[in-house]
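Chain residues, written in single-letter form:
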Amino acid sequence: MSHPSLRPVTTARPPITTTLFDFFKVGPGPSSSHTIGPMKAACDFLDLCRALPSDTLARAEALRVELLGSLSATGIGHGTNVAVLAGLLGSQPETCPGDVLTSLGRDPDARHDVSIGGKTLSVGLADVVFGPVAHDAPFSNTLRAFLLDAGGRSLFEREYYSVGGGFIQWQGWTPPERGKPRYPYGTMQELRGHLAKTGLTLHELMLENETAITGMSRPAIYERLDEIMEAMYDSVRRGLAATGKLPGTLGVWRKAASLLDHAKQMPIAVDRFLAKLSAYAFAVAEENASGGVIVTAPTCGAAGVMPALLYSMRNDMNIGERALREGVLASAAVGFLAKHNAGIAGAEVGCQGEVGVAASMSAAMLAHARGCAIADVENAAEIALEHHLGLTCDPVGGYVQIPCIERNSVGAIKAYSAMLIATCEESFQHKVTLDAVISAMGETGREMSNKFKETSEGGLAVSIVEC
Ligand code: SF4
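Residues numbered from 1 in each chain as written. Predicted model: local features only at pLDDT ≥ 70, side-chain atom pairs only at ≥ 80, totals over all residues. Heavy atoms only, no water.

## A closer look at the nonpolar core
Ranked by size, the top nonpolar core spans 101 residues in total, and within it Phe24, Tyr185, Leu309 and Met313 carry the most contacts. The contact partners of phenylalanine 24, leaving out residues within four places of it in the chain, are Ile228, Met232, Val295, Thr296, Ala297, Met306, Val328, Ser331, Ala332 and Met361. In terms of nonpolar packing, the next biggest core, distinct from the first, is built from 35 residues, Cys49, Leu88, Leu147 and Tyr160 among them. (Core = buried A, V, L, I, M, F, W, Y, C linked by side-chain atoms within 4.5 Å. Buried < 20%, exposed > 50% of the residue type's maximum accessible area, 1.4 Å probe, protein only. Contact = heavy atoms within 4.5 Å.)

## Quick word on the site of the ligand
The local shell around the ligand consists of Gly301, Gly346, Cys351, Glu354, Cys393, Asp394, Cys404 and Arg407. Looking at the shell around the ligand, its residues break down into 3 nonpolar, 2 polar and 3 charged. (Near = heavy atom within 4 Å. Nonpolar A, V, L, I, M, F, W, Y, C, P; charged D, E, K, R; others polar.)

## Considerations on helix α6 (residues 80-88)
Burial of α6 is extensive: 9 of the 9 residues sit out of reach of the surface. Turning to α6, its buried residues number three or more, namely Thr80, Asn81, Val82, Ala83, Val84, Leu85, Ala86, Gly87 and Leu88. Two residues or fewer past α6, glycine 90 is found with a positive phi of approximately 100 degrees. (Helix = DSSP H or I, 4+ residues; strand = E, 2+ residues; numbered from the N terminus.)

## Quick word on unusual backbone geometry
Residue glycine 29 is joined to proline 30 through a cis peptide bond whose omega torsion reads 10 degrees. Mapping proline 30 onto the fold places it in the loop between β1 (26-28) and α2 (32-50). Here the residue pair alanine 297 and proline 298 is connected by a cis peptide bond, since its omega of 5 degrees sits within 30 degrees of zero. When you line up the elements, proline 298 lands in the loop between β9 (293-295) and α13 (305-315). The phi dihedral of asparagine 318 falls on the positive side, at around 55 degrees, and the residue is not glycine. As for its position among the elements, asparagine 318 is in the loop between α13 and α14 (321-341). Its relative accessible area of 63% is what places asparagine 318 among the exposed residues.

## Quick look at the sheet that holds strand β2 (residues 62-68)
Across the sheet, 5 strands lie side by side as β5-β2-β6-β7-β8; this open sheet has mixed pairing. Edge positions in the sheet fall to β5 (128-130) and β8 (167-170), since each has one partner strand and no second. Direction aside, the axes of adjacent strands within the sheet are offset by 25 degrees on average. Two elements, β2 and strand β6 (residues 142-148), share 7 bridges in a ladder whose sense is antiparallel. Bridge pairing links leucine 63 to leucine 147 in β6. Its contacts with the sheet put α2 on β2, β6, β7 (154-164) and β8, and the angle it makes with β7 is roughly 150 degrees. (Pairing = 2+ DSSP bridges. Axes fitted to C-alpha atoms, helices over the stretch in contact; angles between N-to-C directions.)

## Let's talk about the environment of valine 65
Along the polypeptide, valine 65 turns up in strand β2. The exposure class assigned to valine 65 is buried, which follows from its relative accessible area of 1%. Note: C-alpha distance between valine 65 and alanine 367 (302 residues apart in sequence) is 45 Å. Excluding anything up to four places from it in sequence, valine 65 contacts Val84, Leu88, Asp127, Val128, Val129, Leu143, Arg144 and Ala145.

## Re the domain arrangement of the chain
Under the domain assignment, the chain is made up of domain 1 (25-170) and domain 2 (182-462). Look at where the C-alpha atoms of domain 1 and domain 2 centre, and you get two points 29 Å apart. The interface of domain 1 with domain 2 comprises 27 residues on the first partner and 30 residues on the second. Of the roughly 2000 Å² buried between domain 1 and domain 2 on both sides combined, carbon and sulfur atoms contribute 58%. Sorting the residues of domain 1 by area buried against domain 2 places Lys25, Val26 and Pro30 first, and these three jointly supply 24% of that buried surface. Taken together, the links from domain 1 to domain 2 amount to 0 salt bridges. Here domain 1 and domain 2 share 10 residue pairs in polar contact (both at pLDDT 80 or more) between them. (Domains from an automatic or database assignment. Buried area = accessible area lost by both parts, 1.4 Å probe. Salt bridge = Lys/Arg side-chain N within 4 Å of Asp/Glu carboxyl O. Polar contact = N/O pair within 3.5 Å; in protein donor to acceptor, adjacent residues only side chain to side chain.)

Here you go:
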């Protein structure tokens, strides 16, 4: 008989078809939904324009993008307009130079040439406008892109949605055709069922599904996974080497290098370990805040949590390369479930979907890499997410700095703590499933006021009078 306070979680949703490399994306911060997604959308629009009939292109005179909802409310602080301009000039998040946003944003009045079908148009930041925060599109993070004639009439347009984690959709979007997962699941309960039936480990099942969906061979998956992990380590190293103030009007100092210096001198081992872990998380979150290249895990805002723990597992816990890779694969299962059943964008479900999910993924990664049973891996992920429930997204001034940078550090420590609790308790005594906590996160996010969903209109964002 089930406990009366625990609702059974059922799903009629189709199985998850998200892939590892849809999910872990390399690109410039500070916000996957506000920089990577809009940059991809703008670049996609450029490609579509280039494919238009020549008589349409002959009349084209200008490009224009309107930012709506959260993209408008916090777009300045996030550099969304600069990311869109970079996309209109053909930049892709994975391949753009690390400082593209800084260099393009330096001169707000600069004009740039972009060639479209033999025609050269001039674009600049003035062509990316901040529209209404309230709108009736299906996603808060909406942008409308237009190709205009000399009279300002639309020749071609598309409405895009930046749906979190750097994913984009558009009006009329349908999911791309791809292979079917070998072991279909939409919930942890279904995933657990496959593992029990087949005897596979979690990372093996993830690999099997990745191959079935994408057609990638195992060596190709490993190679790309190693690149993603190397990008994570890089972001830690770059952040630890940087000093000075972050961009923006808040005047926030980078602290990662100084935290690490202090940590190394601490006489108590546990202080040393936790302070180093914090320094690693600060390092990546500060890189993200300065528009540097990071990995979405699951988003830019929360990009410091998982690399911090991964870097610590490699350098401070001496966990081997194979176990690290397997841990990352296990973490992806948790991220996929959260994305599929609730959301991973601050603008949709608050920070519980960003730092909360990052902590949950990280707890699973650590538990799996340490060889824990699947019940402990699930419980570690559940505990880490449970204690982020209700967490709002209220970045001060629209910058992904306060509270985001410290929050990444606290998220990494919570992930470590969740793994400890899960592995110290009897797993059968654990009352809350991962499915239940993800469902609770989704419900909490849906009920959360928009003031607390990346609009900077409530909470800490309006509580700081002077910085
Ligand atoms: S508060 Fe959390 S969700 Fe919001 S921008 Fe910062 S890290 Fe992202």
